[in-house]
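Each chain, written out:
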Amino acid sequence: MLKALTQVPRVLLSLATRRRASSAATRGRTLADQVAVITGSTKGIGFSIAQRLAQDGAHVVISSRNQQNVDRAVAELRKEGLSVTGTVCHVGKAEDQHKLVTTALEHCGAVDFLVCVAGVNPLVGSTLGSSEQVWDKVLNVNVKAPALLLGQLLPYMEKREGSSVVLVSSVGVYSPHAKLGVYNVSKTALLGLTKTLAAELAPKNIRVNCLVPGVIETDFSQVVRASSISCPCPTALYGVQRLGRPEDCAGIVSFLCSPDASYITGENIVVAGYSPHL
Ligand SMILES: NC(=O)c1ccc[n+]([C@@H]2O[C@H](COP(=O)([O-])OP(=O)(O)OC[C@H]3O[C@@H](n4cnc5c(N)ncnc54)[C@H](O)[C@@H]3O)[C@@H](O)[C@H]2O)c1
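Residues numbered from 1 in each chain as written. Predicted model: local features only at pLDDT ≥ 70, side-chain atom pairs only at ≥ 80, totals over all residues.

Student: How do you make sense of the overall build of the chain when you look at a structure like this?
Tutor: Looking only at helices and strands, one finds nine helices and seven strands in the chain. Relative to its full complement of 278 residues, the chain shows a buried share of 41%. Here the analysis covers contacts within the chain between residues at least 6 apart in sequence; of these, 74% occur between residues at least 24 apart. (Helix = DSSP H or I, 4+ residues; strand = E, 2+ residues; numbered from the N terminus. Buried ≥ 20, exposed ≤ 12 C-beta atoms within 10 Å, placed from the backbone. Contact = placed C-beta atoms within 7 Å.)

Student: Looking at this structure, how should I read the packing of helix α4 (residues 94-108) against helix α5 (residues 132-157)?
Tutor: Contact geometry of α4 with α5 gives a least axis separation of 10 Å together with a crossing angle of 30 degrees. Taken together, the axes of α4 and α5 are roughly parallel relative to one another. By crossing handedness, the relation of α4 to α5 is classed as right-handed. Contact with α4, carried on its side by Q97, H98, V101 and L105, involves L148, L149, Q152, L153 and Y156 of α5 and no other residues of that element. (Axes fitted to C-alpha atoms, helices over the stretch in contact; angles between N-to-C directions. Parallel < 35°, antiparallel > 145°, perpendicular 65-115°, else oblique. Left-handed = near helix turned anticlockwise from the far one by under 90°.)

Student: How do you make sense of the site of the ligand when you look at a structure like this?
Tutor: If you check the shell around the ligand, you find 27 residues, and the closest are G40, G44, G119, F220 and S221. Class assignment for the residues of the shell around the ligand results in twelve nonpolar, twelve polar and three charged. (Near = placed C-beta within 6 Å. Nonpolar A, V, L, I, M, F, W, Y, C, P; charged D, E, K, R; others polar.)

Student: Got a minute to help me understand helix α9 (residues 250-257) in this structure?
Tutor: Residues that lie three or four places apart on an α-helix share one face, since the helix turns once every 3.6 residues. Those residues of α9 that fall on the buried side of the exposure criterion are A250, V253, S254, L256 and C257. Down the axis of α9, the buried set is contained in an arc of 160 degrees. They therefore lie on one face. Where α9 is buried, its residues meet β1 (35-39), α2 (44-55), β4 (113-116), β5 (163-168) and β6 (206-213). (Arc of directions from axis to C-beta.)

Student: Help me out: how do you make sense of the environment of G28 in this one?
Tutor: Within the secondary structure, G28 sits in the loop between α1 (2-26) and β1. For G28, a count of 9 C-beta atoms within 10 Å gives the class exposed. With 125 residues separating them in the primary sequence, G28 and L153 have C-alpha atoms 27 Å apart.

Student: Which parts of the structure should I look at to understand the sheet that holds β1?
Tutor: Within a sheet, each strand pairs with its neighbour through backbone hydrogen bonds, oriented either parallel or antiparallel. A sheet is described by the order of its strands in space; here seven strands give the open sequence β3-β2-β1-β4-β5-β6-β7, paired in parallel fashion. Whereas interior strands pair on both sides, the edge strands pair on one side only; in this sheet they are β3 (84-88) and β7 (268-271). Each adjacent strand pair in this sheet contributes to an overall mean axis angle of 20 degrees, direction not counted. (Pairing = 2+ DSSP bridges.)

Student: How should the environment of A75 be read in this particular structure?
Tutor: As for its placement among the helices and strands, A75 is situated in helix α3 (residues 67-79). For A75, a count of 11 C-beta atoms within 10 Å puts it in the exposed group. Remark: the alpha-carbon pair of A75 and T127, spanning 52 residues in sequence, is separated by 40 Å.

Student: What exactly am I supposed to notice about the pairing of β4 here?
Tutor: In the case of a regular strand, side chains alternate between the two sheet surfaces. In β4, alternate side chains face the same way, and those of F113 and V115 on one face and L114 and C116 on the other are all buried. Pairing between β4 and β5: four bridges, direction parallel. Bridge pairing links F113 to S164 in β5. With α5 bridging β4 and its parallel neighbour β5, the resulting β-α-β unit is right-handed. (Right-handed = clockwise from strand over helix to strand, strands pointing away.)

Student: How should the confidence of the model for the chain be read in this particular structure?
Tutor: One rule of thumb: low pLDDT means the predicted coordinates there are not for detailed reading. Residues of the chain with pLDDT of at least 70 account for 89%, and the chain-wide mean is 89. The low-confidence segment residues 1-19, where pLDDT is below 50, has zero contacts with residues more than four positions distant or belonging to other chains. If you check the scores for this complex, the pTM reads 0.92 and the ipTM reads 0.99. (pLDDT = per-residue confidence, 0-100.)

Next comes the structure, spelled out in structure tokens:
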């Protein structure tokens, strides 16, 4: 009896593994011969997005602040036979942004997609109690950097057919937690940036959408999950009964970049295990 019980999870596990592997193998290469630049992509949500876009056929340029992390992420994906390259890019530094653009062009010759995942860790504190330095750091990295980086890539992206941008906000914008003040403000600004850029770039046939994750199990959310600021999670009350996983955010980004989404722009898409909308 005990043996039978202990065998069940293993059978389920192998089925789940096989299902995941076969779906990756049998999915069409919807992004073949296209190039994706992804910030903050050496772990967590960004890494899962990089892996998925590459599995779907894109050449992916990985980046984050630390060379070792870039090397590790690139090696891990190349081991899967995926087409990736990488460079260090702290998105708040102009010279690093420039290097990211140059790397993409040198290695891949073009850029079709920009996915801006890098975000500053939520600093636990009230909005009005935050210093000017905190405001500058959070707004620089979370809001200004995606716009400035896109500005540098625009001349190359507008030469391509069906370019696409995905920004990453947070479900916290719909029900802000008082102690994540400046972070919430920055993520709310990204919804505005999405709408504004979508309108601005539609005539160039560049689409701009926004991924809005809920609580996803990563190092980033660990700060919130482990601290006293965590509140009753809406998913526990009326949502899918588990935390989100980085890969839960990846397929939707691939879809938003793909031709299937060619008439979708200016949208905020929540991946949270529940709907914060009315
Ligand atoms: N995890 C969640 O629950 C959650 C929820 C809502 C939104 N988000 C957003 O998702 C994004 C990714 O978060 P995650 O949970 O995957 O975090 P993570 O800590 O697992 O990964 C973050 C990645 O971004 C990189 N990064 C951080 N600051 C950077 C900078 N200034 N320049 C370049 N790279 C930088 C890190 O090196 C790392 O590769 C963030 O924008 C975050 O605000 C996360």
